[in-house]
Amino acid sequence: MNKILSFKKFTLLSLLLILLFLAYHMFIWTFYTSKIFGRNDGMYIGDLGRMSYQVDSLYPRKLQYTLPKRILNTKPYENQAIDVLTIGDSFSNGVMGGKNPYYQDYLASKYNLNILNIMNITNGQHKLFETIISLYNNGWLATHRPKLIIIESAERGVYERFTRNFDFERKDIDIKGLIIPAKEKDSFIPNLQPINTANYKLPFYTIKYKFKNRAQKDVVKLALSKDVFSTQNYHHSLLFHYSDVLYIKNDKELVRRINENFNHLAKMLQKLDIKLLFLVAPDKYAIYYDYIQKNPYQKNKFFELINPLSKEYLFIDTESLLKKELSNGGQDLYYSDDTHWSYKASDLLTNDQLFKQFKKSK
């Protein structure tokens with residue numbers, strides 16, 4: 001008799017635990033986790049939102065193109081005339097999703113330019129300088145003669161990418177394989193099942209961020225003194241990638257070397273009547289630095305160090321332009337849940353007077 005009762009208790013307890021297990025997962029999934037990893041509406045969630053599980057930071061967005069002219073990468077390239085050649089990292093390659101993710105589309109539409117975007121990643125490293133050097137030395141640039149070449153880089157990557165001693169004679173990189181089709185759908189639309197480990201991670205990180213600004217090793221969360229995002233319940237918090245502060249160097253000699261390398265390349269391109277623009281995408285941390293409360297990290301002074309240097313190439317102080325817009329009440333210049341700037345920043349930066357010299361009549 002006792003054995004039967006014990007078996008019944010065990011069975012009831014097991015059923016109760018299973019019900020609690022299912023109820024927990026369904027509750028967390030329905031009200032929280034599914035907003036990140038279970039979307040069926042085609043909305044894209046940014047990298048920082050996915051890594052940190054901070055639901056209040058989310059800025060769901062759907063990929064859409066609304067501008068009248070786009071980069072040539074929308075179709076197979078067939079040796080059309082090129083006005084502008086662009087190369088860069090994720091800021092140049094539309095990975096942030098949402099509305100008009102390519103800043104180049106704004107240039108193409110505003111100034112009636114034919115723009116070709118190329119990408120070269122070898123062994124996990126962006127080969128930006130090396131690619132342009134090779135295309136110069138192997139004759140490809142002499143054949144196609146763009147008016148302008150834009151080398152773009154996230155601010156945190158400039159020291160690793162541009163301080164090396166480059167071989168300005170190399171010509172081994174071929175254009176084949178570098179012309180990547182423009183994205184027509186978001187590359188990451190998560191779709192987990194209701195029972196998953198994210199249901200444990202989300203409350204864990206949510207609680208941990210209340211006591212530690214780097215609860216998830218790659219994502220920092222700090223309080224802000226100003227409303228800079230329109231996301232509901234997220235006006236006063238900033239998510240940014242830890243590499244934004246990890247790679248701050250503020251080294252005058254390294255910045256001088258970067259400037260020297262760009263001057264060298266610019267002088268080479270001038271022989272073909274091609275201008276070079278160094279476009280730095282400011283780190284999210286640097287843009288919102290002035291509004292961070294109780295900031296444990298140092299200021300990034302890259303723009304302060306490079307601005308006064310003598311240049312043979314074109315340069316836009318993107319940090320000052322974006323900060324000015326912020327001071328005037330601009331919101332969502334960067335996505336609250338993402339490392340990258342938004343279409344608002346792309347629109348703003350491409351209004352710079354510098355680009356007007358390349359405008360073509362329609």
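Conventions used here
Residues numbered from 1 in each chain as written. Predicted model: local features only at pLDDT ≥ 70, side-chain atom pairs only at ≥ 80, totals over all residues. Heavy atoms only, no water. Helix = DSSP H or I, 4+ residues; strand = E, 2+ residues; numbered from the N terminus. Buried < 20%, exposed > 50% of the residue type's maximum accessible area, 1.4 Å probe, protein only. Polar contact = N/O pair within 3.5 Å; in protein donor to acceptor, adjacent residues only side chain to side chain. Contact = heavy atoms within 4.5 Å. 1 Å grid on protein atoms, 1.4 Å probe; cavity = no way out; pocket = protein on both sides within 12 Å on 5 of 7 lines; lining within 4 Å. Points joined across faces, edges and corners; volume = space filled by probe spheres on them. Nonpolar A, V, L, I, M, F, W, Y, C, P; charged D, E, K, R; others polar. Phe/Tyr/Trp six-rings, centres within 6.5 Å; stacked < 30°, edge-to-face > 60°. Lys NZ or Arg CZ within 6 Å of the ring centre and 35° of its normal. Pairing = 2+ DSSP bridges. Expected span 1.5 Å × (residues − 1). Axes fitted to C-alpha atoms, helices over the stretch in contact; angles between N-to-C directions.

Q: Go over the side chain of Gln-216 with me, naming the residues and quoting the values.
A: Mapped onto the elements, Gln-216 comes out in the loop between α7 (198-208) and β6 (219-223). Residue classification places Gln-216 among the buried positions, given a relative accessible area of 11%. One polar contact links the side chain of Gln-216 to the main-chain amide nitrogen of Asp-218, over a distance of 2.7 Å. What Gln-216 contacts, discounting residues up to four positions off in sequence, is Met-51, Tyr-205 and Tyr-209.

Q: Tell me about empty space enclosed by the protein, and name the residues and values.
A: Scanning the model with the defined rule gives 1 cavity of 30 Å³ or more in all. As a volume, the largest cavity reaches approximately 50 Å³. As for the largest cavity, its lining consists of Tyr-103, Leu-279, Trp-341, Ser-346, Leu-349, Thr-350 and Phe-355. Broken down by class, the residue content of the lining of the largest cavity amounts to 5 nonpolar, 2 polar and no charged.

Q: Quick one: what's the story with the packing of aromatic side chains, residue by residue and with numbers?
A: Evaluated as defined, the whole model comprises 29 aromatic pairs. Taking 5.3 Å as the distance between ring centres and 45 degrees as the angle between the ring planes, the aromatic pair formed by Phe-262 and Tyr-313 counts as tilted. In this pair, Phe-262 is assigned in helix α9 (residues 252-270) and Tyr-313 in the loop between α11 (302-306) and β9 (314-315), connecting sequence segments 51 residues apart. In this structure Phe-262 comes out as buried when scored by relative accessible area, which is 0%. Judged by its relative accessible area of 5%, Tyr-313 is buried. The ring of Tyr-242 has Arg-214 lying over it, and the distance from NZ or CZ to the ring centre is 3.6 Å. Just above the ring of Phe-315 sits the side chain of Lys-311; from NZ or CZ to the centre is 5.3 Å.

Q: Lay out the environment of Asp-273 with the relevant residues and their values.
A: By secondary structure assignment, the location of Asp-273 is in the loop between α9 and β8 (275-281). Separated by 125 residues in the primary sequence, Asp-273 and Leu-148 have C-alpha atoms spaced 8.9 Å apart.

Q: Lay out the pairing of strand β5 (residues 148-154) with the relevant residues and their values.
A: A large share of β5 lies buried, amounting to 7 of its 7 residues. On β5, burial covers both faces: Leu-148, Ile-150, Glu-152 and Ala-154 on one face and Ile-149, Ile-151 and Ser-153 on the other are all buried. Looking at chain direction, strand β1 (residues 84-87) and β5 are connected through 4 bridges and run parallel. Bridge assignment links Thr-86 to a residue of β5, and that residue is Ile-150. Of the pairings in the sheet, the one linking β5 to β8 comprises 7 bridges and is parallel in character. Looking across to β8, one finds that Glu-152 is bridged to Leu-279.

Q: Report on α9, specifying residues and quantitative values.
A: Taking 1.5 Å per residue as the helical rise, α9 with its 19 residues ought to reach 27 Å, and the 27 Å between its terminal C-alpha atoms agrees with that figure. Among all positions in α9, only Leu-254, Val-255, Ile-258, Asn-259, Asn-261, Phe-262, Asn-263, Leu-265, Ala-266, Met-268 and Leu-269 are buried. On its buried face, α9 sits against α4 (128-137), α5 (140-144), β5, α6 (158-162), β8 and α11. For α9, the N-terminal capping position is held by Asp-251, with its side-chain oxygen 2.9 Å away from the main-chain nitrogen of Glu-253.

Q: Lay out the sheet that holds β9 in plain terms, naming residues and giving numbers.
A: Pairing is parallel in the open sheet, where 5 strands are placed in the order β2-β1-β5-β8-β9. A strand with exactly one partner marks an edge of an open sheet, and here the two such strands are β2 (115-118) and β9. In this fold helix α3 (residues 103-111) packs onto β1, β2, β5 and β8, with an angle of close to 165 degrees to the strand it touches most, β2. In the packing of α4 onto the sheet, the strands contacted are β1, β2 and β5, and the crossing angle to β5 comes to about 165 degrees.

Q: Can you break down unusual backbone geometry residue by residue, with the values?
A: One non-glycine residue with positive phi stands out, namely Asn-250, at about 50 degrees. Within the fold, Asn-250 resides in the loop between α8 (243-246) and α9. A positive phi is found at Asp-273, a non-glycine position, where the angle reads about 60 degrees.

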